[in-house]
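# Tertiary structure, described
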Amino acid sequence: MEIKRHFEKDLAGKVALVTGGTKGIGKAIASRLTAAGATVIVTARHPSGEANPSYHFIAADLSDPAEVLKVSREVSDKFGGVDILVNNMGANTYPGGGFSTLEDAHWNEALQVNLLSSVRLDRALLPKMLAQKEGVIVHISSTSSRFPIWESTMAYSAAKAALNTYSKALSDEVAPQGVRVVTVSPGLNRTSAMAAFLEELAKNANTTVEAVTGKLFERLGGVPMGRMAAPEETAELVYFLVSQQAGYITGANYVIDGGNFPVV
Ligand SMILES: NC(=O)c1ccc[n+]([C@@H]2O[C@H](COP(=O)([O-])OP(=O)(O)OC[C@H]3O[C@@H](n4cnc5c(N)ncnc54)[C@H](OP(=O)(O)O)[C@@H]3O)[C@@H](O)[C@H]2O)c1
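Residues numbered from 1 in each chain as written. Predicted model: local features only at pLDDT ≥ 70, side-chain atom pairs only at ≥ 80, totals over all residues. Heavy atoms only, no water.

## Details of the sheet that holds strand β5 (residues 135–140)
Put simply, the rule reads: Strand pairing follows a simple DSSP-based rule, namely that at least 2 bridges must link the two strands. Strands are runs of DSSP state E lasting at least two residues, helices are runs of H or I lasting at least four, and both sets are numbered from the N terminus onward. To get an axis, fit a line to the C-alpha atoms, keeping to the stretch in contact for a helix; angles then go from 0 to 180 degrees between the N-to-C directions. The contact rule is simple, with two residues in contact once any of their heavy atoms fall within 4.5 Å.
Across the sheet, seven strands lie side by side as β3-β2-β1-β4-β5-β6-β7; this open sheet has parallel pairing. Sheet topology places β3 (56–59) and β7 (253–256) at the edges, where each strand pairs with a single neighbour. Within the sheet, the average angular offset between the axes of one strand and its neighbour, ignoring direction, is 20 degrees. The strands that helix α1 (residues 24–35) touches are β1 (15–19), β2 (39–44), β4 (84–87), β5 and β6 (179–186); relative to β1, the one it contacts most, it runs at about 170 degrees.

## A word on unusual backbone geometry
Most of the time, phi is negative for any residue but glycine, and the peptide bond is trans. Heads up, the condition is: Note on classification: 1.4 Å probe, protein chains only; a residue is buried when its accessible area is under 20% of the maximum for its type, exposed when over 50%, partly exposed between these limits.
Even without being glycine, K133 reaches a positive phi, approximately 55 degrees. In this fold, K133 is placed in the loop between α3 (104–132) and β5. Overall, K133 belongs to the exposed group, its relative accessible area being 61%. One non-glycine residue with positive phi stands out, namely N206, at about 55 degrees. For N206, a relative accessible area of 73% puts it in the exposed group.

## Section: the nonpolar core
Put simply, the test is: Only buried residues count toward a nonpolar core. Its members are Ala, Val, Leu, Ile, Met, Phe, Trp, Tyr and Cys residues joined through side-chain atoms within 4.5 Å.
Among the nonpolar cores identified, the biggest contains 28 residues, and I29, L33 and V86 are the most heavily contacted of them. Counting only elements with at least two residues in this core, the list comes to β1, α1, β2, β4, β5, β6 and α7 (231–242). Residue contributions to this core peak at six residues, all from α7. L33 has contacts with L11, A16, V18, A38, V40, I84, V86, Y239 and V242, leaving out every residue within four places of it along the chain. One finds I41, A60, V75 and V82 within the second-largest nonpolar core, a separate group that totals 20 residues.

## Concerning the domain arrangement of the chain
Which entries qualify depends on this criterion: Domains are outlined according to an automatic or database domain assignment. Using a 1.4 Å probe, buried area is obtained as the accessible area two parts lose upon being combined, added over both of them. Any Lys or Arg side-chain nitrogen located within 4 Å of an Asp or Glu carboxyl oxygen qualifies as a salt bridge. Polar contacts, as used here, are pairs of N or O atoms within 3.5 Å; protein pairs need one atom able to donate a hydrogen and one able to accept it. Residues neighboring in sequence count only if both atoms are side-chain atoms. Three categories are distinguished: nonpolar for Ala, Val, Leu, Ile, Met, Phe, Trp, Tyr, Cys and Pro, charged for Asp, Glu, Lys and Arg, and polar for the others, with Gly belonging to the last.
The assigned domain composition of the chain is domain 1 (15–188 + 232–256) and domain 2 (190–228). Distance between the C-alpha centres of domain 1 and domain 2: 24 Å. Summed over the three residues of domain 1 that lose the most area to domain 2, namely F147, I149 and L188, the buried surface amounts to 58% of that side. At the surface where domain 1 touches domain 2, the tally comes to two salt bridges. R219 is paired through a salt bridge with E151; the nearest N and O atoms lie 2.9 Å apart. Counting across the interface, domain 1 meets domain 2 through two residue pairs in polar contact (both at pLDDT 80 or more). For the side of domain 1 that touches domain 2, the per-class residue count stands at five nonpolar, four polar and three charged.

## Quick look at helix α6 (residues 209–219)
Since the α-helix advances by 3.6 residues per turn, residues separated by three or four positions end up pointing in the same direction. So the rule is basically this: The arc in question is the one spanned by the directions pointing from the helix axis to the C-beta atoms.
The set of residues buried in α6 consists of V212, T213, L216 and F217. Down the axis of α6, the smallest arc covering the buried residues is 145 degrees, so these residues share one side. Residues of α6 that are exposed and point more than 90 degrees away from the buried face comprise E210, K215 and E218. On the buried face of α6, the contacting elements are α5 (192–205).

## A word on the pairing of β6
Here β6 lies mainly inside the structure; eight of its eight residues are buried. Burial along β6 is two-sided: the residues V179, V181, T183 and S185 and R180, V182, V184 and P186 are all buried. In this structure, β5 lies alongside β6, joined through six bridges in parallel fashion. Bridged to V136 within β6 is R180. Across four bridges, β6 lies against β7 in parallel orientation. Each bridged residue has a counterpart across the sheet, and for T183 the counterpart in β7 is N253.

Shown next as structure tokens:
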């Protein structure tokens, strides 16, 4: 879907870090913040392969505490810290099948990737925000944090639910010192991770991606808008939340899901 975008350079002079910014939702966020004039730093395990990316790239596996420290050191040395931190990186890469297929190693990985990577990066980069009495942190969660599907998202949903709770607690702690902390919970987005997830479901059920996509929509109780989001639509919300226009917003969890979430 084509979105009308206004490229006001209202983030000029701001330094933003977007984790997992080479693909999917993170790539769209990095691009949107760049368009708004921010200096953008992107992390991922592998470079995107783009010829001349508009961002500074740091290779790091954020599930490893030492790599988180490496990122924060490089960011501090080269940019003096960040004004905007978007903890976007996350993944549901664990076997489906419910409680009996999930071993401690799967649970541990789910928590490292979807919770502790953000906790550690926040802890490393918050001191500068607190010192300047200004900054914004966004945690990209998921509607599945409140709507787990036992057969395919158990560990991922539980880790994202912990991220929601941590995000709220952190916002309460740092709001008096001028730092805002916001959670964004996307529903289904058309990304390579979603494509891989659907292909895996189709392979396991010995059926087509179209068939499992329809089943997934049904399993979620339907998506009133009848489609997945384009990552750019989710990025637009993140852009608003980090902008000055959202200056009174903190501690909230924004759902962006085409109407899927079934309760008020
Ligand atoms: N897609 C959806 O429908 C959906 C729905 C709800 C919530 N979300 C959430 O939105 C966020 C982005 O999802 P997405 O679908 O855009 O994912 P994606 O397309 O798979 O992109 C993930 C990004 O994170 C990086 N990454 C993955 N594991 C990493 C690790 N251990 N350390 C550092 N970087 C890592 C990837 O690059 P490398 O592989 O090179 O490291 C890539 O840049 C996630 O938090 C996800 O849980 C997505």
